[in-house]
Amino acid sequence: MLYVVATPIGNLEDISRRAADVLRSVAIVAAEDTRRTRVLLDALGADSARMVALHSHNEGAASVRVLQSLRDGSTVALVSDAGTPLLSDPGFELVRACWAEQIAVLPVPGPSAVLAALSVCPLPAGRFHFEGYLPARAGQRRARLRELAARDEACVFFEAPHRIAGCLEDIAALDPARRLLLGREMTKLHEQYLCATASELLAQLSAAGQLRGEFVGVLEAGSSDADTRAAHRTMAVLCAELAPAQAARLGSQLLGLPRRELYDLALKLAASPDGA
C-alpha cells in the first residue's frame, strides 16, 4: 500500500495524529528531500522506516525502485518537502504506476499551502485555479500572467523570494487595480499575510525588507461578462445622480470593486452623450 502523506508546511505541530502514526508504521518513506524529512521523522520518533529520495531529478528511476518494494509487500509513505504531495511536487509517476498495477493508494490529508492561503483570503475565491509556480523567465511569466488575469476565477500561485519583486511588477503593469493576497513564510516564525494591489504590496515589502521567504499568492479574479454588465448598469444609475468621485465611492461599497476602477468607468460614462 502507498500512503500519500501531507506534512507540515512550517510548524511541526500541524502534523496530524494519523499522519504521525503512518510515518511510524511504514517500512519506507519516499521523500523529496531526505534531510528535511529526517527532521520531521526524528521529531515524531519515526526512526524505523528506510528513507528513499524521490525528487524531480530522479523521479522516474526512484519510482521504479519504490514500485518494486511495493510489489514485494512493503508499505510506503510518499511525502514532499512540505504540504500535500503532487501539488507542484514530485510523486505523480509513482501514484500513476500504483494505479496501473492495482496497488492501493490512500491519502492522508493535512496541511496545504493552497488551502491555507484561501482560508484567510478576503478576496472572492469560491472558484479558483491552481497555477503552481509561475515561469521563471520574465517574458514567459508576463505572458502567463496575462492569461491568468483574463480568467473569471481567483488564481493561486507559488513564487520564490528572488522572483517575487519581478512578479509583482508584472502584475502591477498588467492591471494596476488588481488585488492579491500574499502569504509569506506561512505557519513559520515570520508568518505574514497582506492583501492589496501589486504595487502597494511591492512598496510595503521593499520598505520593510521583507522580500524574503516562500510566497503563496491569490490573484483576484477578472470580471466576468455578467459582472461587467452589472457594474456598468449600477454605475450608469449612480452617475446620473452623482459626481464621478461620489459615484465611484458608493459603487465600490455596493459592488466590492476597486474605487479607482469604478472612477475610470464613471469618467467614461460622464463623457459619453448617451451614457453608454
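Our subject in this report is the structure included herewith. In this text the structure is predicted, and so the values were computed from the model without any measurement.

### Digging into the overall build of the chain
Then comes step 1: The helix and strand inventory of the chain stands at 11 helices and 10 strands.
Then comes step 2: Here the chain has a C-alpha radius of gyration of 23 Å; the compact-globule value for 276 residues is 19 Å, and the former is much larger.
Then comes step 3: In terms of principal-axis extent, the alpha carbons of the chain reach across some 80 × 40 × 35 Å.
Then comes step 4: For the chain, long-range pairs separated by at least 24 residues make up 66% of all intrachain contacts whose partners lie at least 6 apart in sequence.
Then comes step 5: Separation between the mean location of the 29 positive side-chain charges and that of the 32 negative ones in the chain comes to 1 Å.

### Observations regarding the pairing of strand β3 (residues 50-53)
Then comes step 1: Direction of pairing for strand β2 (residues 28-31) relative to β3: parallel, over a ladder of 4 bridges. Opposite Ala31, over in β3, you have Ala53 as the bridge partner.
Then comes step 2: Remark: the β2/helix α2 (residues 34-44)/β3 crossover connection has right-handed handedness.

### As for the nonpolar core
Then comes step 1: Ranked by internal contacts, the top residues of the largest apolar core, which has 20 residues, are Phe157, Leu168, Ile171, Leu180, Leu182 and Leu201.
Then comes step 2: When residues of this core are traced back to their parent elements, those giving at least two are α6 (138-149), β7 (154-159), α7 (164-174), β8 (179-184), β9 (192-197), α8 (198-207) and β10 (215-219).
Then comes step 3: By residue number, the principal contributor to this core is α7, which donates 5 residues.
Then comes step 4: Contact partners of Leu182, with chain neighbours within four places excluded, come to Ile164, Leu168, Gln192, Tyr193, Leu194, Leu201, Leu205, Phe215, Val216 and Gly217.

### Concerning unusual backbone geometry
Then comes step 1: At Leu86, a residue that is not glycine, the phi angle is positive and equals roughly 80 degrees.
Then comes step 2: Following the sequence through the fold, Leu86 ends up in the loop between β4 (76-79) and α4 (92-100).
Then comes step 3: The phi dihedral of Thr187 is positive, around 65 degrees, even though this residue is not glycine.
Then comes step 4: Structurally, Thr187 is set in the loop between β8 and β9.

### Observations regarding the packing of aromatic side chains
Then comes step 1: This structure, assessed with the given rule, holds 2 aromatic pairs.
Then comes step 2: Pairing Phe130 with Phe158 gives two aromatic rings, centres 5.4 Å apart and planes at 65 degrees, and the pair type is edge-to-face. You can see Phe130 sitting in strand β6 (residues 128-133) and its partner Phe158 sitting in strand β7, a full 28 residues away along the chain.
Then comes step 3: Look at Phe158 and you get buried, because its relative accessible area is 10%.
Then comes step 4: Relative to Phe158, the ring of Tyr133 lies with its centre 5.4 Å away and its plane at 70 degrees, an arrangement referred to as edge-to-face.

### Considerations on the environment of Asp21
Then comes step 1: Along the polypeptide, Asp21 turns up in helix α1 (residues 17-25).
Then comes step 2: On the basis of relative accessible area, Asp21 is assigned to the partly exposed category, the value being 41%.

### With respect to the packing of α7 against α8
Then comes step 1: Running from N to C, α7 and α8 cross one another at 150 degrees; their axes reach a closest spacing of 8 Å. With respect to each other, α7 and α8 are oriented roughly antiparallel. Considering the relative orientation of α7 and α8, their crossing is left-handed. Across from Ala165, Leu168, Glu169, Ile171 and Ala172 in α7, the residues of α8 making contact are Ala198, Ser199, Leu201, Leu202 and Leu205.
Then comes step 2: Per-class residue counts for the contact of α7 with α8 are 8 nonpolar, 1 polar and 1 charged.

### Describing the pattern of salt bridges
Then comes step 1: Across all of its chains, the model carries 17 salt bridges by this definition.
Then comes step 2: Here Arg71 ties to Glu101 by a salt bridge, and the two come within 2.7 Å at their closest N and O atoms. Here Glu101 lies in the loop between α4 and β5 (105-108) and Arg71 lies in helix α3 (residues 59-71), a separation of 30 residues in the sequence.
Then comes step 3: Here Glu200 ties to Arg260 by a salt bridge, and the two come within 3.8 Å at their closest N and O atoms. Taken together, the residues span a long stretch of sequence, with Glu200 in helix α8 and Arg260 in helix α11 (residues 259-271) at a distance of 60 residues.
Then comes step 4: Of the residues examined, Glu200 reaches a relative accessible area of 40% and is grouped as partly exposed.
Then comes step 5: A network of salt bridges, in which partner residues are shared, links Arg127, Arg151, Asp152 and Glu153.

Reading the values: rules and limits
Residues numbered from 1 in each chain as written. Predicted model: local features only at pLDDT ≥ 70, side-chain atom pairs only at ≥ 80, totals over all residues. Heavy atoms only, no water. Helix = DSSP H or I, 4+ residues; strand = E, 2+ residues; numbered from the N terminus. Rg over C-alpha atoms; globule rule 2.2 N^0.38 Å. Contact = heavy atoms within 4.5 Å. Lys, Arg positive; Asp, Glu negative; His and termini not counted. Charge placed at Lys NZ, Arg CZ, Asp CG, Glu CD. Pairing = 2+ DSSP bridges. Right-handed = clockwise from strand over helix to strand, strands pointing away. Core = buried A, V, L, I, M, F, W, Y, C linked by side-chain atoms within 4.5 Å. Buried < 20%, exposed > 50% of the residue type's maximum accessible area, 1.4 Å probe, protein only. Phe/Tyr/Trp six-rings, centres within 6.5 Å; stacked < 30°, edge-to-face > 60°. Axes fitted to C-alpha atoms, helices over the stretch in contact; angles between N-to-C directions. Parallel < 35°, antiparallel > 145°, perpendicular 65-115°, else oblique. Left-handed = near helix turned anticlockwise from the far one by under 90°. Nonpolar A, V, L, I, M, F, W, Y, C, P; charged D, E, K, R; others polar. Salt bridge = Lys/Arg side-chain N within 4 Å of Asp/Glu carboxyl O.

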